[in-house]
Amino acid sequence: MGLRQIKKAALGRAAVALALVSTLIVGASGGVVPAEAVVRAATSADVTVPGTPGAATVGTTTYAVPSGAIVASPAGNDSAAGTLKAPVRTLKRALALVRSGGTIVLRAGTYHETVAITRSAVTIQSYPNEAVWFDGSVAVGGWTKSGNVWLRNGWTAQFDSSPTYIRGRADYTDPNWRMVSAAYPMAAHPDQVWVDSTAQRQVSSSQEVTAGTFYADYANKRLVLGTAPTGKTVRASDLTIAIAVQAPDVVLRGFGVRRYAVAVPDMGAIRVDAPGVRAVIENVAITDNATGGLSVSSANATVHRITSTRNGLLGVHSVYADGMLAGRMQVTYNNLEHFNAGPVAGGMKIGRSRSVSILNSRFAYNEGVGLWCDEECESFRVISTVSRSNAGTGIVFELSSGATMVNNRVLDNGYAGIEVHNSGQVAMWNNTVAGSRIPVWLNQDARRPTSASTPGRDPRRPFPDPVMTWQVKDVRISNTIMAQPVNSPWCAVLCVYDQTATRPASQMNLTVLGNLFHRTVTTTPWALVRWSVTAPGGGWLDLPTVGAFRASTGQGQSDIELTGANPMTTSGYALASVQARANSVAVTIPTAIAAGTALPVGGRVLGAVP
């Protein structure tokens, strides 16, 4: 099947997906459908259709203004009626006026406030083609020179510097799992200063202040700045979070959130954090916040066309986010404060969540893992997504069970490409994984859920739990391109490794079939496949060729090996000359695997397709 036919088939499947989602809002009685249900269904359908990831540029969305909407404007008055002609000034006042099922429309400008949304079924959106920003910073003047630094006295903003998600708790003691790196000791301090839009680095004392840095002197209630502020605009954060969604059926769309001094325990500048909230976050840009960008800790959220970038810890945080549907996300350049990557830092981390779908999204240039699902996730889907050039691993599925990873491009990440860590029931089809130290890694360590209170367990699950065994098992890898390992002579293109050397791959129920292995030269790494065994004298076999892999394990019956030139385009798609070999290599693609992608049902394709 040619690419034109593949795309035509995908459009047909997208139409089916749209129809299926639309049926979700039609009541059996044929009665009136609530407005928020219409928004959610339309948004959910759009998530499944491929498109450019990320929010629309702030100021370009065109949501219709419904009759009776409450209107706010930075030029308004909170004593006004909240109409187009007489807008209120703040979102807080608009929320006091709006009824459940109503809409708040925000006119252009900057809103400097923190709000909790406790009114159900409220939509908050920008006025058509007007730029709306929630900004947690203020302009700071009144500087006086003192030696080589400048002082701003009377600065009273002070923030929680707890280094973990539990307020007041000290950092973890295990050096591999500490949140804050010794090399970046101020990471958990949320104070932020910009000079002419250039972020200044926070230091721990006034004596350390030099050009490009600042010190928040809490004892003397002042800021100490090392860059001359004369003739420049200086801004500093004085608010912690922007919006906390604490009521069901809230829709946020068409605006930006920036420069909030989010403490680690506060989790995000936007928080969806009450049970049963069912929020929609759409076309929202979240940038330059001290730690977390967006945090979702509630079921059935829809996260659509968001951009979360240049945040200090994570772009997106999720826990207990069952049923979350996230599509067209752009999550880039996060963990600017250089937290240790091990616990949580990077692009997006999801924990203890069921039935989460990540579709048509992009995770790139994050200082840590690109996309990470950990601690007893179940039924996790990653479809048609790019995870590229992250400092850590591209995609991690850890201490969990039940993942489907289809049609993804995982390229040029600093550690592994895709890592399945102590997890089972994983289907990997038609991915392109290239340019990392280990393209695909099935990694088993000694951790097991030995009691109901074992760290990492989801307390909602039974114990003992036959599903969450924390063992690598029942993993299938098919039609995947595993290529270009970088500077990794110590492992392999495919690495199946039991750190305890007690459980061989033959007991993991693995299926490796229909794949393409690639190395630039046969000596890097020397082993094409590292395969866990329990033979005397070692815990693995290093297999140098596909032939050796097939002969020693019975796996890879139709797999092929290429050595030399890159078999892919720079975008991560197989070259036409390589794709021409798919019929003799790849496995027929099942309907369930092709759903929601451009993959041909019943066809044979290598790697991801556009």
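Criteria and cut-off values
Residues numbered from 1 in each chain as written. Predicted model: local features only at pLDDT ≥ 70, side-chain atom pairs only at ≥ 80, totals over all residues. Heavy atoms only, no water. Helix = DSSP H or I, 4+ residues; strand = E, 2+ residues; numbered from the N terminus. Rg over C-alpha atoms; globule rule 2.2 N^0.38 Å. Buried < 20%, exposed > 50% of the residue type's maximum accessible area, 1.4 Å probe, protein only. Contact = heavy atoms within 4.5 Å. Lys, Arg positive; Asp, Glu negative; His and termini not counted. Charge placed at Lys NZ, Arg CZ, Asp CG, Glu CD. Pairing = 2+ DSSP bridges. pLDDT = per-residue confidence, 0-100. Polar contact = N/O pair within 3.5 Å; in protein donor to acceptor, adjacent residues only side chain to side chain. Phe/Tyr/Trp six-rings, centres within 6.5 Å; stacked < 30°, edge-to-face > 60°. Lys NZ or Arg CZ within 6 Å of the ring centre and 35° of its normal. Salt bridge = Lys/Arg side-chain N within 4 Å of Asp/Glu carboxyl O.

Asks: Explain the overall build of the protein chain residue by residue, including any values.
Replies: Check the secondary structure of the protein chain and you find seven helices and 46 strands. For a compact globule of 610 residues, the expected C-alpha radius of gyration is about 25 Å, and the protein chain comes in at 26 Å, within 12% of that figure. Counting all 610 residues of the protein chain, 57% fall into the buried class. Counting only contacts in the protein chain whose residues sit at least 6 apart along the sequence, the fraction spanning at least 24 positions is 62%. Charge centroids of the protein chain, computed over 51 positive and 37 negative side chains, lie 6 Å from each other.

Asks: Quick one: what's the story with the sheet that holds strand β12 (residues 201–202), residue by residue and with numbers?
Replies: Read from one edge of the open sheet, five strands run β8-β9-β14-β13-β12, paired in mixed fashion. Each edge of the sheet is formed by a strand with only one pairing partner; in this case those strands are β8 (144–146) and β12. In terms of strand pairing, strand β9 (residues 149–153) meets strand β14 (residues 222–225) through four bridges, oriented antiparallel. Note that in β14 the partner of Arg152 across the bridge is Leu223.

Asks: Residues and numbers for the confidence of the model for the protein chain, please.
Replies: Caution is warranted with low-pLDDT regions, since their predicted coordinates should not be read in detail. Of all residues in the protein chain, 93% have pLDDT values of 70 or greater, and the mean over the chain is 93. The least confident element of the protein chain is helix α1 (residues 3–23), whose mean pLDDT is 38; the most confident is strand β6 (residues 132–135), at 99. Segment residues 1–32 is flagged for pLDDT under 50; beyond a separation of four residues in sequence, or across chains, it makes 28 contacts in the model.

Asks: Before we move on, could you go through the sheet that holds strand β7 (residues 137–139) and cite the residues and values that matter?
Replies: Spatial ordering of the open sheet is given by β7-β15-β10-β11, a layout of four strands whose pairing is antiparallel. Each end of this open sheet is capped by a strand with a single partner; those strands are β7 and β11 (198–199). Bridging between β7 and strand β15 (residues 234–237) involves three bridges; their strand directions are antiparallel. Within β15, the residue paired with Ala139 across the bridge is Arg235.

Asks: Can you explain the environment of Arg258? Please cite residues and give values.
Replies: When you line up the elements, Arg258 lands in strand β17 (residues 251–258). The partly exposed category is assigned to Arg258, whose relative accessible area is 21%. For Arg258, the contacting residues outside a window of four places in its chain are Thr110, Trp133, Phe134, Asp135, Gly136, Thr287, Asp288 and Asn289. In this structure the side chain of Arg258 is engaged in a polar contact, spanning 3.1 Å, whose partner is the side chain of Asp135.

Asks: A description of the packing of aromatic side chains should follow, citing residues and the corresponding values.
Replies: With the rule as written, the count across this model stands at eight aromatic pairs. Between Phe134 and Phe255, the ring centres sit 5.2 Å apart and the planes meet at 65 degrees, which makes this aromatic pair edge-to-face. Residue Phe134 is located in strand β6, and its partner Phe255 is located in strand β17; the two are separated by 121 residues in the primary sequence. Judged by relative accessible area, which is 0%, Phe255 ranks as buried. Pairwise contacts between aromatic rings join Tyr111, Phe134 and Phe255 into one cluster. The cationic tip of Arg253 hangs over the ring face of Tyr63; the distance from NZ or CZ to the ring centre is 4.2 Å. Directly above the aromatic system of Trp372 lies the positively charged group of Lys349, at a separation of 3.6 Å from the ring centroid.

Asks: Please give an account of the environment of Asn289 that cites residues and values.
Replies: Position of Asn289 among the secondary structure elements: in the loop between β19 (280–287) and β20 (292–296). Take Asn289: its relative accessible area is 1%, and that puts it in the buried class. Separated by 49 residues in the primary sequence, Asn289 and Thr240 place their C-alpha atoms 9.1 Å from one another. For Asn289, the residues in contact, after removing those within four places along its chain, are Gln192, Val257, Arg258, Arg259, Tyr260, Val262, Ala269, Arg310, Asn311 and Gly312. From its side chain, Asn289 meets the backbone nitrogen of Tyr260 in a polar contact 2.8 Å long.

Asks: Can you lay out the side chain of Arg271 for me, pointing to particular residues and giving the numbers?
Replies: Positionally, Arg271 belongs in strand β18 (residues 270–272). Apart from residues no more than four positions distant in its own chain, Arg271 is found in contact with Ile241, Ile243, Ala244, Val245, Gln246, Asp266 and Ser295.

Asks: An account of the pattern of salt bridges is requested, with residue identities and associated values reported.
Replies: As enumerated under the stated definition, the model contains 25 salt bridges in all. With its nearest N and O atoms 3.6 Å apart, the salt bridge here joins Arg259 to Asp135. Pair noted here: Arg259 is in the loop between β17 and β18 and Asp135 is in strand β6, with a separation of 124 residues, a long-range link. The partner of Asp465 in a salt bridge is Arg461, with the nearest N and O atoms 2.5 Å apart. By the burial criterion, Asp465 is buried, and Arg461 matches it. Overlapping salt bridges bring together Asp160, Arg167, Asp266, Arg271 and Asp273 as one network.

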